[in-house]
Amino acid sequence: MTTIRPAHSRLRRRLSTPARTPLPGRGAVLLLAGALALAGCVSSTGTGGGSRTSPPPRATNIRPATPSGARDPRLLNIPGLEGVIGVTERELVRQFGQPRLEVWEGDARKLQFTGRACLLDVYLYPTSNSKAPVATYVDARRQSDGQDVDRAACVAALRQR
């Protein structure tokens, strides 16, 4: 007759058995630790009194950084994207519904909208003319294989949902 033991008892027995791979002995560990400690005491001068290094040379021709200020992003200019490029997140949500994905990176933002036909990534950046970030770039691809599709066609398909 076969006795069936619960899984937790087999696990406990497996954990209580000693490991099959031998571990290095205590002497080997102490020898290795001693060798490492001695390696740190060796000096490049050979005197054992520590290393004598000179400070790094000073750079003389470095200009101080000057703030360049925020630059306005370039807007993508493709026919069929007129209602998408230059609009805020609020207007995009009104057109396409809630985004499937929202990613913040610094002051930039990416919203991802999906439909049966395609997946649309809209990138929003702040500008000097608006407080809220606006859409400046759009990328579109098929969900099935990730191949690029026409951006304007994807926008039109997502609007028809």
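What comes next concerns the included structure. (Residues numbered from 1 in each chain as written. Predicted model: local features only at pLDDT ≥ 70, side-chain atom pairs only at ≥ 80, totals over all residues. Heavy atoms only, no water.)

1. Examining the pattern of salt bridges
Overall, the coordinates contain five salt bridges when judged by the stated rule. Where Asp 145 meets Arg 142, a salt bridge forms, and the shortest distance between an N and an O atom there is 2.7 Å. What makes Asp 145 partly exposed here is its relative accessible area of 42%. Since its relative accessible area comes to 36%, Arg 142 is described here as partly exposed. Taken together, the shared-partner salt bridges connect Glu 89, Glu 102 and Arg 109 into one network. (Salt bridge = Lys/Arg side-chain N within 4 Å of Asp/Glu carboxyl O. Buried < 20%, exposed > 50% of the residue type's maximum accessible area, 1.4 Å probe, protein only.)

2. Things to note about helix α4 (residues 151-159)
Two residues of an α-helix separated by three or four positions point the same way, owing to the 3.6 residues in each turn. Looking only at α4, the buried set comprises Ala 152, Cys 154, Val 155 and Leu 158. End-on view of α4: buried residues confined to an arc of 160 degrees, all on one side of the axis. (Helix = DSSP H or I, 4+ residues; strand = E, 2+ residues; numbered from the N terminus. Arc of directions from axis to C-beta.)

3. Structural notes on the pairing of strand β3 (residues 119-125)
Side-chain direction in a regular strand flips from residue to residue, so the side chains alternate between the two faces of the sheet. For β3, the buried fraction is high: five of the seven residues fall into the buried class. Inspection of the sheet shows strand β2 (residues 108-114) paired to β3 by six bridges, in the antiparallel sense. Each bridged residue has a counterpart across the sheet, and for Gln 112 the counterpart in β3 is Asp 121. (Pairing = 2+ DSSP bridges.)

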